[in-house]
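# Structure at a glance
Listed here are the chains, written in short residue letters.
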Amino acid sequence: MVKKGNITEYLHFAGENAGAARLHSFTGGLRENMVPESGTAVLSGHLPNLVDTLNQFAKENGLDFTYEELAGGQVTVTIIGKSAHGASPQSGVNGATYLAKFLTQFDFAGPAKDYLDVAGNILLNDHEGKNLKIAHVDEKMGALSMNAGVFRFDESKVDNTIALNIRYPKGTSPEAIQNVLEQLPVTKVTLSEHGHTPHYVPMEDPLVQTLLAVYEKQTGLKGHEQVIGGGTFGRLLKRGVAYGAMFPDYIDTMHQANEFIDVEDLFRAAAIYAEAIYELIK
């Protein structure tokens with residue numbers, strides 16, 4: 001069973017604004033391991049045809065949006081996408097990066113412009129880190145994946161961030177990724193305090209063989225090893241593996257609104273776990 005390494009790297013920006021358009025704030029995302037369902041920006045200044053261009057952009061990309069006029073000539077714009085698990089960012093629609101992409105057409109300048117350019121022109125749909133130049137593929141563990149999970153920009157703050165949650169295979173490292181990210185127009189790049197290195201337990205291991213045998217007996221399906229980017233407690237043990245309840249044709253709603261599991265799948269998983277525990281403690 002194969003688990004990729006897991007690290008969050010933070011891109012840091014100053015908060016100054018210049019230019020005809022002004023970015024007062026930009027927010028998106030709740031957790032680093034979730035695709036942000038939406039992004040919200042508070043703006044002012046020269047924003048020609050804002051509502052018309054926003055409506056056209058949303059239609060072209062299949063997005064929803066809200067728009068509100070505030071006091072003092074400010075406006076709030078929110079673009080709504082779809083949340084998903086950070087280990088599979090391609091399954092979601094990152095509302096924050098789409099909002100940033102939309103805003104890059106206006107005349108922002110300074111660190112605010114850098115923030116929007118990175119978020120909208122580099123991070124948008126860059127699920128394998130190709131635009132970031134951190135893409136890496138291992139023969140067994142597969143490709144690196146990147147989720148731009150949390151966006152926090154406030155013009156009054158000297159330190160604003162974008163959190164990139166990266167699931168990486170063997171052959172690269174958080175430090176190597178950090179060195180590349182530092183080439184972006186950022187003030188610095190920092191690493192999360194905690195991370196996980198890649199973890200692998202081969203199919204030939206007796207523990208894995210037992211688990212696969214129980215799965216095959218209970219389901220009638222052929223068991224096999226699988227590469228995942230998700231963070232599980234299996235990696236806390238030297239021979240630990242993830243043994244989950246996602247069956248073929250399972251509808252994956254992890255980290256989405258109204259997350260659920262079918263009752264029949266829940267019962268089937270319980271039976272598998274019970275027999276697996278029995279076989280392992282005999």
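Going along each chain's sequence as written, the residues are numbered from 1 onward. Predicted model: local features are reported for residues with pLDDT of at least 70 only, side-chain atom pairs are reported and counted for 80 or more only, and whole-chain, interface and lining totals are derived from all residues. Processing note: side-chain calculations cover all non-hydrogen atoms of the structure and skip hydrogens and water entirely.

UniProt positions are given in the numbering used here, feature names are shortened, and annotations may be inferred rather than shown by experiment. Here is the UniProt Cofactor (unreviewed entry) comment for the chain, exactly as written: "Zn(2+)".

Let us now look at the overall build of the chain. Secondary structure counts use DSSP, requiring at least four H or I residues in a row for a helix and at least two E residues in a row for a strand, with both numbered from the N terminus. Within the chain, the secondary structure is distributed over six helices and 13 strands. By its C-alpha atoms, the chain is 70 × 40 × 25 Å across when sized along the principal axes. Note on contacts: a residue pair qualifies if any of its non-hydrogen atoms lie within 4.5 Å across the two residues. The long-range fraction of contacts in the chain, counting pairs at least 24 apart against all pairs at least 6 apart in sequence, stands at 71%. Surface exposure here means Shrake-Rupley accessible area, sampled with a 1.4 Å probe, where a residue is shielded only by the protein chains that are shown. Of the roughly 14200 Å² of accessible surface on the chain, a fraction of 52% belongs to carbon and sulfur atoms.

With that settled, the discussion passes to empty space enclosed by the protein. A 1.4 Å probe that fits into a set of points on a 1 Å grid over the protein atoms alone but cannot get out defines a cavity; an open set with protein on both sides within 12 Å along at least five of seven lines defines a pocket, and lining residues are those with an atom within 4 Å of a point. Grid points are joined across faces, edges and corners, and a volume is the space filled by probe spheres set on the points. Inspection of the entire model under this criterion finds one cavity of 30 Å³ or more. Lining of the largest cavity is provided by 14 residues; of these, Asn94, Thr97, Leu123, Asn125 and His127 occupy positions nearest its centre. Top element by residues in the lining of the largest cavity is strand S9 (residues 145-154). It accounts for three residues.

Think of a nonpolar core as a cluster: buried Ala, Val, Leu, Ile, Met, Phe, Trp, Tyr and Cys residues, connected wherever their side-chain atoms sit within 4.5 Å. We call a residue buried when its accessible area falls under 20% of the maximum for its residue type, exposed when it is over 50%, and partly exposed in between, using a 1.4 Å probe and counting protein chains only. If you look at the biggest cluster of nonpolar residues, it comprises 49 residues, and the most contacted ones within it are Leu11, Phe26, Leu103, Leu123, Ile162 and Leu164. Leu11 has contacts with Val118, Asn160, Thr161, Ile162, Leu164, Leu181, Leu184, Val186, Lys188 and Val189, leaving out every residue within four places of it along the chain. With 13 residues, the next largest nonpolar core counts Leu212, Tyr215, Tyr243 and Ala269 among its residues.

Okay, the pairing of strand S4 (residues 38-45) next. By the convention used here, strands pair only if DSSP detects at least 2 bridges between them. Where strand S3 (residues 21-28) meets S4, seven bridges bridge the pair, whose relative direction is antiparallel. Opposite Ser25, over in S4, you have Val42 as the bridge partner. Sheet topology note: the S4/strand S6 (residues 75-80) ladder contains six bridges and is antiparallel. Its bridge partner being in S6, Leu43 is matched across the sheet by Val75.

Burial runs high along S3: six of the eight residues are buried. Inspection of the sheet shows S3 paired to S9 by four bridges, in the antiparallel sense. Bridge pairing in S9 places Thr27 opposite Arg152.

Reading across the sheet, the eight strands line up as S5-S6-S4-S3-S9-S10-S2-S11 and stay open at both edges, with antiparallel pairing between neighbours. Every interior strand has two partners, whereas the edge strands, strand S5 (64-69) and strand S11 (188-191), have only one. Across the sheet, the mean angle from the axis of one strand to that of its neighbour is 25 degrees, orientation sign disregarded. Axes here mean lines fitted to C-alpha atoms, for a helix over just the part in contact, with angles spanning 0 to 180 degrees between N-to-C directions.

The subject of this paragraph is the environment of Ala163. Here Ala163 lies in strand S10 (residues 160-168). Taking the relative accessible area as the measure of exposure, Ala163 reaches 4% and is therefore buried. Residues Ala163 and Val150, spaced 13 residues apart in sequence, show a C-alpha to C-alpha distance of 5.1 Å. In this structure Ala163 touches Thr8, Glu9, Tyr10, Glu32, Asn147, Ala148, Gly149 and Val150, once residues within four positions along its chain are discounted.

Next up on the list: the domain arrangement of the chain. Residue ranges assigned to the domains are those given by an automatic or database domain assignment. Structurally, the chain comprises domain 1 (2-196) and domain 2 (201-281). Using only C-alpha atoms to locate each centre, domain 1 and domain 2 end up separated by 33 Å.

A separate point is the packing of helix H5 (residues 206-219) against helix H6 (residues 263-281). Running from N to C, H5 and H6 point in directions that differ by 140 degrees, and their axes come no closer than 9 Å. Between H5 and H6, the angle falls in the class oblique. Note that H5 runs across H6; the crossing there is right-handed. Contacts between H5 and H6 involve Leu207, Thr210, Leu211, Val214, Tyr215, Lys217, Gln218 and Thr219 from the first element and Arg268, Ala271, Ile272, Glu275, Ala276, Glu279 and Leu280 from the second. All residues other than Ala, Val, Leu, Ile, Met, Phe, Trp, Tyr, Cys, Pro, Asp, Glu, Lys and Arg, Gly among them, are scored as polar; the first ten of these are nonpolar and the last four charged. For the contact of H5 with H6, the residue count by class is eight nonpolar, three polar and four charged. Relative orientations are named as follows: roughly parallel for angles under 35 degrees, roughly antiparallel for angles over 145 degrees, roughly perpendicular for angles from 65 to 115 degrees, and oblique for any other angle. The handedness criterion is simple: a crossing whose near helix is rotated anticlockwise from the far helix by less than a right angle is left-handed, and one whose near helix is rotated clockwise is right-handed.

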